[in-house]
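Per-entry structural report
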Amino acid sequence: QVQLVESGGGLVQAGGSLRLSCAASGNIFRINDMGWYRQAPGKERELVVLITSGGSTNYADSVKGRFAISRDNAKNTVYLEMNSLRPEDTAVYYCFADLQLQRSIYSSRNYWGQGTQVTVSS
């Protein structure tokens, strides 16, 4: 039983900033990778950024230099700082975590947040 609860989405003007957060809770043994995906209307869901448990990151080219991911392992929380936002950043942003449950014999799997809307006005 795992929940990923996102917050921080909203409406912002182009050039502005937002900070998303995602807190994982439940019977979590270990979280491996965490990250953010997004899906714009009429488009496929795409990877925004990934962060490993060791802090290595992998950003989509479209957000490099503008977005920054971080994580607080003690809080099972991942953040996404979004700066210099553009209208094309408008999408539903989904948190994910590759994690293993406590007392589970299974390998880790991906869990997803409910999504939070980010709208950037021109």
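Here we summarise the structure given alongside this text. (Residues numbered from 1 in each chain as written. Predicted model: local features only at pLDDT ≥ 70, side-chain atom pairs only at ≥ 80, totals over all residues. Heavy atoms only, no water.)

Before going further, it helps to examine the overall build of the protein chain. Along the backbone of the protein chain there are zero helices and 11 strands. Walking the protein chain from its N terminus toward its C terminus, one meets helices and strands in the order β-β-β-β-β-β-β-β-β-β-β. By the compact-globule yardstick of 14 Å for 122 residues, the protein chain fits well, its C-alpha radius of gyration being 14 Å. Across its three principal axes, the protein chain shows a C-alpha extent of roughly 50 × 25 × 25 Å. (Helix = DSSP H or I, 4+ residues; strand = E, 2+ residues; numbered from the N terminus. Rg over C-alpha atoms; globule rule 2.2 N^0.38 Å.)

All right, on to the packing of aromatic side chains then. Scanning the model with the defined rule gives three aromatic pairs in all. With a centroid separation of 5.1 Å and 65° between ring planes, the pair formed by Tyr37 and Phe96 is classed as edge-to-face. One end of the pair, Tyr37, is in strand E4 (residues 28-39); the other, Phe96, is in strand E9 (residues 91-101), with 59 residues separating them in the sequence. Put simply, the rings of Tyr37, Phe96 and Trp112 pair up and form one aromatic cluster. Lying over the aromatic face of Tyr79, Arg19 brings its terminal NZ or CZ to 4.1 Å of the ring centre. Over the ring of Tyr111 we find Arg109, and its NZ or CZ is 4.6 Å from the ring centre. (Phe/Tyr/Trp six-rings, centres within 6.5 Å; stacked < 30°, edge-to-face > 60°. Lys NZ or Arg CZ within 6 Å of the ring centre and 35° of its normal.)

One finds Trp36, Leu80, Met82 and Tyr93 to be the most contacted residues of the largest nonpolar core, which totals 31 residues. For this core, the secondary structure elements donating two or more residues are strand E1 (2-7), strand E3 (18-26), E4, strand E5 (46-51), strand E7 (67-72), strand E8 (77-82), E9 and strand E11 (116-121). It is E9 that provides the largest number of residues to this core, a total of five residues. (Core = buried A, V, L, I, M, F, W, Y, C linked by side-chain atoms within 4.5 Å. Buried < 20%, exposed > 50% of the residue type's maximum accessible area, 1.4 Å probe, protein only.)

Our next topic: unusual backbone geometry. Excluding glycine, residues mostly have negative phi values, and the peptide bonds linking residues are mostly trans. In this structure, Asn76 is a non-glycine residue whose phi angle is positive, near 50°. Looking at the element boundaries, Asn76 is found in the loop between E7 and E8. A relative accessible area of 24% places Asn76 in the partly exposed class. Of note, the phi angle at Ser84 is positive, near 50°, even though the residue is not glycine. Overall, the relative accessible area of 40% leaves Ser84 in the partly exposed class.

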